[in-house]
Amino acid sequence: MISPRVRTGVLALALLTGLAAPATGTAAAGTAAAPTVEEQRLSRAVPQEILRRSGFDTATAVFTRALDSARGYAAARRAVERHGSALWRRAVDRAQGRGPAGGDLSRDDDRPLYWARLTMTRELRTWEPGFVLAETRRAALLDALERTSRGQRDIRLPHEKRDEGEKGVRRILLTGFDPFTLDRDIRISNPSGATALALDGTVVETADGPARVETAVFPVRWRDFAEGAVERALRPYLERVDLFTTVSQGRVGRFDVERTNGAWRGGFADNENASSTGLVPVADPGSQPQWTTTTLPYAAIVAAPTGRFPVYDNTSVTEIPAGGTTPVVRPDGPTPGSSARAGGGGDYLSNEIAYRATLLRDRLGLHDTLPGGHVHTPVLQFGAGNTDPASGTVTDPEFVRNRLDIIAQVRTILKVAAGSAVTR
């Protein structure tokens with residue numbers, strides 16, 4: 001997710017305030033909002049094929065029945081949280097080989113979760129319950145559905161973080177992203193999201209003992225990030241983990257460990273076709289730095305034989321030098337007093353999640369003790385002859401092999417990182 005390279009969309013919540021309820025029936029309460037740009041893509045053939053070939057086309061009917069049986073907000077909230085969490089667990093189980101595949105789409109595919117979630121958010125956004133549902137409460141239900149169906153409330157860490165020098169299970173937190181640039185090719189899958197599903201709750205054996213991996217997925221939407229979605233999801237866990245990495249799709253044919261993250265939004269359209277340009281909006285902007293840095297053991301990661309794709313220590317940034325007005329590319333990182341225009345990972349939401357996560361690490365006083373940063377995966381490519389979105393198929397053997405190889409290499413990178421000393 002490097003600007004025009006990757007993703008995210010803004011959730012356009014144009015919700016109307018609840019009206020007085022008629023005496024009977026489902027026509028009660030407020031007028032529901034129209035579907036978002038993301039949700040409107042559901043009517044196209046590719047999303048429907050992905051849902052059908054994975055068995056995820058049944059998720060919304062069950063969810064709808066649960067909503068329609070709710071007789072008040074509390075019951076609706078319970079239904080939303082239950083079914084959102086169930087969708088996440090179903091996607092994780094499918095990716096990890098548990099339960100029925102539901103169709104012939106490969107189990108490593110992240111797209112069924114994305115499109116099924118949108119069918120549920122569209123249903124909830126346009127739902128007209130038999131009771132008064134105020135705008136703020138519908139928004140709260142949508143937020144609960146987003147967070148539960150993304151694994152953000154399903155992070156299960158071992159109860160106690162081990163002390164310095166003590167052996168035990170290390171704890172790793174990894175985040176991925178939804179597919180993005182869907183108007184360019186609606187068939188797109190995001191290997192970072194697929195990795196999150198494949199690794200959630202798994203244990204990797206490192207040189208320093210076993211490490212449990214917990215994961216979550218984030219939307220490609222500027223607005224969610226401006227509203228603090230990253231900090232809200234990660235803050236309860238950063239002081240309890242031994243390592244974290246945000247992951248997104250980056251360049252063709254290579255992995256990058258991004259050394260520096262910049263406080264700048266470059267404006268590339270997200271999944272809602274919304275744009276945002278300017279300083280990354282954070283709490284306490286008066287203390288906001290222009291740059292944050294990785295504390296992942298990048299030297300060890302780059303040196304290790306982790307898989308078929310080369311891995312680079314990416315030190316490049318784009319800055320406006322102190323006293324200057326023109327952006328300059330710096331291959332060896334920012335100069336003192338400069339203003340950010342792109343981190344190593346660009347100026348899109350992949351850079352922003354890395355910036356936000358590492359800034360949160362630093363504001364929690366963990367810079368010197370917690371390894372954390374961002375890893376960009378290779379672009380997930382279809383096979384030769386299947387590159388035309390209009391006439392190509394939604395999958396092919398090379399596409400699946402590429403995704404599986406990326407997932408496996410991220411897993412190995414985690415093993416190296418968790419078993420290595422932090423390199424500054």
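Residues numbered from 1 in each chain as written. Predicted model: local features only at pLDDT ≥ 70, side-chain atom pairs only at ≥ 80, totals over all residues. Heavy atoms only, no water.

**Examining the overall build of the chain**
- Each helix and strand in the chain was counted, giving 12 helices and 14 strands.
- Taken over 424 residues, the chain has a buried fraction of 56%.
- Considering only contacts in the chain between residues 6 or more positions apart, those separated by 24 or more positions represent 78%.
- Within the structure as shown, the chain displays about 16200 Å² of accessible surface, and the carbon and sulfur contribution to it stands at 54%. (Helix = DSSP H or I, 4+ residues; strand = E, 2+ residues; numbered from the N terminus. Buried < 20%, exposed > 50% of the residue type's maximum accessible area, 1.4 Å probe, protein only. Contact = heavy atoms within 4.5 Å. Areas by Shrake-Rupley, 256 points an atom, 1.4 Å probe, with all protein chains shown as cover.)

**Remarks on the packing of aromatic side chains**
- Tallied over the full model, the rule gives 9 aromatic pairs.
- Arranged with centres 4.8 Å apart and planes meeting at 70°, the rings of Tyr114 and Trp115 form a pair that is edge-to-face. Comparing Tyr114 with Trp115 shows no difference in burial state: the two are buried.
- For the pair Phe177 and Phe225, a centre-to-centre distance of 6.2 Å together with 15° between the ring planes defines the contact as stacked. One end of the pair, Phe177, is in strand β1 (residues 170–177); the other, Phe225, is in helix α8 (residues 222–226), and 48 residues separate them in sequence. The same class applies to Phe177 as to Phe225, namely buried.
- In textbook terms, an aromatic cluster arises when at least three aromatic residues are bridged by ring pairs, as seen for Phe180, Trp222, Phe268 and Tyr348.
- The aromatic ring of Tyr73 is capped on one face by Arg137, whose charged end is 4.3 Å from the ring centroid. (Phe/Tyr/Trp six-rings, centres within 6.5 Å; stacked < 30°, edge-to-face > 60°. Lys NZ or Arg CZ within 6 Å of the ring centre and 35° of its normal.)

**Some remarks on the packing of helix α5 (residues 111–126) against helix α6 (residues 135–149)**
- Where α5 meets α6, the closest approach of the two axes is 10 Å, and the angle between their N-to-C directions is 165°. In terms of axis orientation, α5 runs roughly antiparallel to α6. By crossing handedness, the relation of α5 to α6 is classed as right-handed. When α5 is examined against α6, the residues Leu113, Arg117, Met120, Thr121, Leu124, Arg125 and Thr126 are found in contact with a partner set consisting of Arg138, Leu141, Leu142, Leu145, Glu146 and Ser149.
- For the contact of α5 with α6, a count of residues per class yields 6 nonpolar, 3 polar and 4 charged. (Axes fitted to C-alpha atoms, helices over the stretch in contact; angles between N-to-C directions. Parallel < 35°, antiparallel > 145°, perpendicular 65-115°, else oblique. Left-handed = near helix turned anticlockwise from the far one by under 90°. Nonpolar A, V, L, I, M, F, W, Y, C, P; charged D, E, K, R; others polar.)

**A word on the pattern of salt bridges**
- Under the definition given, this model contains 35 salt bridges.
- A salt bridge links Asp154 to Arg89, with the nearest nitrogen and oxygen atoms 2.5 Å apart. Highlighted residues: Asp154 in the loop between α6 and β1 and Arg89 in helix α4 (residues 73–95), separated in sequence by 65 residues.
- The exposure class of Arg89 is partly exposed, given its relative accessible area of 27%.
- Between Arg232 and Asp143 there is a salt bridge, with the nearest N and O atoms lying 2.8 Å from each other. With Arg232 in helix α9 (residues 229–238) and Asp143 in helix α6, this pair connects stretches of sequence that are 89 residues apart.
- Here the residues in one salt-bridge network are Glu38, Arg117, Glu146, Arg150, Asp178, Arg221 and Asp224, joined through shared partners. (Salt bridge = Lys/Arg side-chain N within 4 Å of Asp/Glu carboxyl O.)

**Section: the sheet that holds strand β3 (residues 209–218)**
- Strand order across the open sheet formed by 7 strands is β2-β3-β1-β4-β14-β5-β10, with mixed pairing between neighbours. The open sheet has two edge strands with one neighbour each: β2 (203–206) and β10 (311–314). Between one strand and the next, the sheet's axes are offset by a mean angle of 30°, whatever the strand orientation.
- Examined bridge by bridge, strand β5 (residues 255–258) and strand β14 (residues 372–377) share 3 bridges and lie antiparallel to one another. Looking across to β14, one finds that Asp256 is bridged to His376. (Pairing = 2+ DSSP bridges.)

**As for the confidence of the model for the chain**
- Confidence along the chain averages 91 in pLDDT terms, with 90% of residues attaining 70 or more.
- pLDDT under 50 marks residues 3–29. Its contacts with residues more than four places away, or in other chains, come to 101 contacts. (pLDDT = per-residue confidence, 0-100.)

**A closer look at the sheet that holds strand β11 (residues 317–320)**
- As summarised here, the arrangement of the 3 strands in space is β12-β11-β13, forming an open sheet in which the pairing is antiparallel. Only two strands of the sheet have a single partner each, and these edge strands are β12 (328–330) and β13 (339–342). If you compare each strand with its neighbour and ignore which way they point, the axes differ by 45° on average.
- In the sheet, β11 pairs with β12 via 3 bridges, with the strands oriented antiparallel. Bridging from a neighbouring strand, Glu319 pairs with Val328 of β12.

**Quick notes on the environment of Thr387**
- Position of Thr387 among the secondary structure elements: in the loop between β14 and α12 (397–418).
- Taking relative accessible area as the criterion, Thr387 reaches 60% and is therefore assigned exposed.
- Sequence separation between Thr387 and Asp185 is 202 residues; the distance between their C-alpha atoms is 9.3 Å.

**Observations regarding the nonpolar core**
- Counting 65 residues, the largest nonpolar core has Trp115 and Leu124 as its most contacted members.
- Setting aside its immediate chain neighbours within four residues, Trp115 contacts Glu38, Arg41, Leu42, Pro47, Ile50, Leu51, Leu182 and Ile186.
- Residues Ile155, Trp222, Leu349 and Leu370 belong to the second largest nonpolar core, which totals 23 residues. (Core = buried A, V, L, I, M, F, W, Y, C linked by side-chain atoms within 4.5 Å.)

**Describing the pairing of strand β4 (residues 243–249)**
- Buried residues dominate β4, accounting for 7 of its 7 residues.
- Side chains Leu243, Thr245, Val247 and Gln249 of β4 all project onto a buried face; the interleaved residues Phe244, Thr246 and Ser248 project onto the opposite face, where all are buried too.
- One ladder, built from 4 bridges, connects β1 with β4; its direction is parallel. Among the inter-strand pairings, Ile172 is bridged to a residue of β4, identified as Leu243.
- Sheet topology places β4 next to β14; 6 bridges connect them, and they run parallel.

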